[in-house]
Structure formats: structure tokens, C-alpha cells
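Structural characterization, general
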Amino acid sequence: MLLWLIAGTDQPFAPSSAPRCHGCPGVTMRHLIWLLFLPGFLCQCNPPVKVPESLIAWTGACLFIPCCYQSCVMTPIKTKKLIISSLTWYLNPVYDSEKRDFSGTVLYKHNATISPAFAGRVRFLGDLERDCSLQLSDLRASENGSYGLRLVVLNPKQRQEEKWMARISVNVMASPPAPQIQGPSELRESVLAQAVCSIAYYCPDYPITLTWVGLGHGTPEPTTRMDSGRTRSSLTFTPTWQDHGKNLTCQLSTPAGTPSSESSVVLDVKYAPQGVQVKATPGETIREGDRLMLMCLTKGSNPSVSTYNWYKDSQWLNQGQRLEFDAKGDEHSGSYVCQATNEIRTVPSPALWIDVQYAPKDVRVELVTGSQIQEGTMVVLKCSCRAHLPVSNYTGYRNGQHIPEQTQQELRFDKIHPNQSGSYHCKPLNIVGLSESPAITVDIQYAISAQGQEPCGNCYQIQTSVIVGLVIGDLVFTLLLIAGVYHCIKRCGKPTDNSEDQKVYMNMPGRVN
């Protein structure tokens, strides 16, 4: 038998015929055999039991004090193990120096009758070899205080008794305390996490329930007892950004199902910027010259957004949450995207198309059919421009005068006449406004037709005979005019009879005038 133990397994020694005592250190058979050969091992077991330092409970509940013997008492070598000769559980034990022993309210004593005050409420759950646990039901406020386990052990080797007192502080409250919630140091969206709700309480005959409230999703595990004597329940969940700021609550319910206490934590979920979008003021469609402001907005970000970047038509523009400028036609029309960045990641917004409308620009009149214009040929003048929105009406002008019924982009002359020469300009109109082009001069080249040639279009033809007759008539008229003038002058040059003018005065001697 000894040879088998030395060569045996290294698994912790916990005989299947008895329940394992939670909280005691595992001792392998091989280690135990070697310890038995160490000098004084059996007498160095101080204390020989393991109990918690403190426990909590409340009135009406039950108190479970977990207790297990140390390895020196649990040795399987029957002839060498310590023999427990006396085991007593006290409530508020007091040491009597005269009797050199403890006294107090006896809860349980081995091989003794339980006090009537505790009859039906006290249960010793152990034995004298492995487990020394005690349970006290229907707790009362007066049962608050110090609980002690008095153990008297006989050491066969030294043939003497050894005595110990193990103390446990028990706080009996009026109502259940709030459980404690523990979670990961950091919660991140979409990363699996686990929260644990626990309380330093367990009693087999008073099963409490821990329930999770407030999250709405996740997988809670059933309420279980931990090796340390705590009752716990865990919740496994995948946080979302909407969970940030929510209260996660753990409720403690009594065996009757009545919630008696609770504890809450506020979830701090780290997540990337959510709902990133571009807002345009005054709107997505504006007119040239208007002041446009673009804002990069989010529905939430934890931590806060550290950087905003702007892009137009996939080209980087600027940084900052706001982008503001005076709109200029085609320069500012396009697709705008903002990117919001925090320490989690960068999130782009959907593209927002900005439409800048403007009146016609670069207006000009173009001669479509060529620069040399011959009389009778077809001529097309075109009013060209850039505009957004499209031009709805064109107005043509010749020598500053409106050309009636001209509303199209092209002004067409199937057979141009010389009298259609002149200065031409146009005015295109769209919903934004009216613009005017510079004027161009249309010069029509034509020639007078000779005899035998085809008449020159619809112009008036003067015959040669008529021209000769006019010349001869003009010559005759000129000669007659000259003759008449000559005759008049000649006639007017003859002397006239005028008595006064014809008188001759003579000086006669001796005559006095």
C-alpha cells in the first residue's frame, strides 16, 4: 500500500466518499507522503482548520460557515493522523483564564445535545476527518458577533493534546446588502465582455438569486456558488454604442422571489464615431455668392472626436468640424465627405452633393459659318455661355435694337442681305439671372452686277439707257442755264435814258447860277 501511494497520482487528494471542502489547498498524495517524513510535520499544523475571517448575513436568512481541516488532519495514514477528541462551535466565545478554557453560547458540540434555543436551527454539516462546516437557520439580530470553533486534537506521536480556537466575525444585518458588480477594465463596442455580480454570502438552505436588469441583451449564467463562499452570476454580452451610459443593475432576490437589494453601474462603452453626416447651411442647393457652411456631425463618439477631415471629389480640403466659404460656381459644386476620427477608428460620412447655381458666364456671340460673309449666303450666329441652371431664353440685338421673336441660341440667316450688316450681341437668361455678351460686327461683302450678269438678288437695277438719258438731260439743262444767264447779263449792260443823268452843265461867261 505504501509503495502504491509513493508512485501514485499527483491529483489532489479528495476521497470520492466525501464532498470536497471548498477553499482548502489541494494536497497531492505524493507530496503528502513526502511531508510525512519531515520532522515535526504533524505538530506544525497551526491552525488545523481553515475558515473565513468574516461573513455577512441578515435576519431571517441562514448562516453558513464553511470550514475544512488542514492537510495534517486529513492524512490518510490512519496510524499517524491527528485525532480530534473535541469539537465545539461557540457564539461569542470568551476565554476563562481560571478554567483555562473558553465559555459562551454553545451552538454545537460533538457527541452532545444541541441547546433547545438552537434546536432545529443548527446543523453540523461536517465530520471529524474532512469537513467542519456549520449552518444556522432563521438568523436573529442577537446572533450577530464572533463565532468560534474550539478544536482539541490528540497527537498520537507525542501522546498529548493540542487545542485551537478559530474565530469568524459575522455581521447580521437587518436586510440583504447590495451585491457587487465587476466588469472588464474597458468596454469596447462589438468586443465580447463579461460582467460578474457577486455577494459574500452563501447558504444551502437559503438560495438567493442574482438577476441582471437594464441591458436588454446578453446571456446571463445561472446563480452559482464560488469556492470562496460567495454567490455570483455572470452576464456575457457584446456591447453596442447605444449601451454607453446605460445603467446595468444586479438585483438580489430572496428564495421567495422578492427583490431585496440591488447594485448598478453605468456602462462606459468605447466606440467609434456614429452617424457621421454632413449638414449644409443654408442648403445643398445654393446660388453663387451665397455663404455656405458645412458641419460634420455625429450621433455620438466615445472618446470624443479628435480630428475632422474634409474631402471634395476625393481630394483633401481641410481640417476642422466646420467648413465655410462663399460659393463660386463650378469651383465649389461637387461631392463633399467628412471623416471623424477618435482613438477607436476613423469613420467617413456619406457623400453630400453641393449644387452651386449661377447665371450665364463667359457670354459671347460666335459666327458659326465662317468669318467671310458673302451676300446671299447662309449665316448662323450662336450665343454661347456657361450656365447652371440651363439657359431658358436667349434675346438677340442688332445695332442695339431687339430682334423680335428671337429666343433661341442660334440666329439663322438663310440668305443674308447687305442691309443685315451691323453690330450683334445677345442676352441669355436662366433662373438665376441675365447676362450680356460683347458685341461683334457682321460685315457683308457684295458687288454691283454687270450687263448680262444675273440680277443681284432683289436689289433695284438701273438700266444704261436711263443713265445716258439722265446725263444728256443734265447736259442740256446746264447749257440752257448758261445761255439764260448770259442773255440776262448782256441785256442789263445797255445805257438807259435818264434825263437827270444825261444833263450837261456848261459854264457860260456872265451868267450867274
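Relevant structure appears above.
In this report, the structure presented in the accompanying data block is examined. Note that the structure is predicted; figures quoted are calculated from it, not measured.

Conventions we followed
- Residues numbered from 1 in each chain as written.
- Predicted model: local features only at pLDDT ≥ 70, side-chain atom pairs only at ≥ 80, totals over all residues.
- Heavy atoms only, no water.
- Salt bridge = Lys/Arg side-chain N within 4 Å of Asp/Glu carboxyl O.
- Helix = DSSP H or I, 4+ residues; strand = E, 2+ residues; numbered from the N terminus.
- Buried < 20%, exposed > 50% of the residue type's maximum accessible area, 1.4 Å probe, protein only.
- Contact = heavy atoms within 4.5 Å.
- Polar contact = N/O pair within 3.5 Å; in protein donor to acceptor, adjacent residues only side chain to side chain.
- Pairing = 2+ DSSP bridges.
- Patch = residues over 30% accessible without salt bridge, like charges linked within 9 Å, V, L, I, M, F, W, Y side chains within 5 Å.
- Areas by Shrake-Rupley, 256 points an atom, 1.4 Å probe, with all protein chains shown as cover.
- Phe/Tyr/Trp six-rings, centres within 6.5 Å; stacked < 30°, edge-to-face > 60°.
- Lys NZ or Arg CZ within 6 Å of the ring centre and 35° of its normal.

Before going further, it helps to spend a moment on the pattern of salt bridges. Within the structure shown, the criterion is met by 18 salt bridges. Put simply, Glu324 and Arg291 hold a salt bridge, and the shortest N to O gap is 3.4 Å. Separated by 33 residues along the polypeptide, Glu324 in strand E27 (residues 322–326) and Arg291 in strand E23 (residues 291–297) bring together distant segments of the chain. Judged by relative accessible area, Glu324 falls into the partly exposed class, the value being 35%. Arg322 is the salt-bridge partner of Glu324, the closest N and O atoms lying 3.8 Å from each other. Three or more residues are tied together by salt bridges with common partners; here these are Arg291, Arg322, Glu324 and Asp326.

Among the secondary structure elements, Gln420 is positioned in the loop between strand E35 (410–413) and strand E36 (422–429). For Gln420, a relative accessible area of 21% puts it in the partly exposed group. Residue contacts for Gln420: discarding those within four places in its chain leaves Arg398, Phe413, Lys415 and Ile444. Among the polar contacts listed, one links the side chain of Gln420 to the backbone nitrogen of His417, at a separation of 2.8 Å.

Here the focus is the pairing of strand E13 (residues 193–199). Burial analysis of E13 places six of its seven residues in the buried class, which makes it a mostly covered element. By the bridge criterion, seven bridges tie E13 to strand E17 (residues 231–237) in an arrangement that is antiparallel. For Ile199, the partnering residue across the bridge sits in E17 and is Thr231.

Take a nonpolar patch on the surface next. A cluster of nonpolar side chains, contributed by Val468, Ile472, Val476 and Leu480, occupies part of the molecular surface with about 370 Å² of accessible area. Relative to the assigned elements, Val476 resides in helix H5 (residues 464–492). On the basis of relative accessibility, which here comes to 42%, the residue Val476 falls in the partly exposed class.

Attention now moves to the packing of aromatic side chains. Counted according to the given criterion, the structure contains nine aromatic pairs. For the pair Tyr95 and Phe102, a centre-to-centre distance of 5.0 Å together with 65 degrees between the ring planes defines the contact as edge-to-face. A relative accessible area of 14% means that Phe102 is categorised as buried. Judged by centre distance (6.4 Å) and plane angle (20 degrees), the ring pair of Phe325 and Tyr336 falls under stacked. In this pair, Phe325 is assigned in strand E27 and Tyr336 in strand E28 (residues 334–341), connecting sequence segments eleven residues apart. In this structure, Phe325 and Tyr336 share a single accessibility class: buried. The rings of Trp58, Tyr201 and Tyr206 are connected pair by pair, giving a single aromatic cluster. The ring of Tyr358 carries the charged tip of Lys361 above its face, separated from the ring centre by 4.6 Å.

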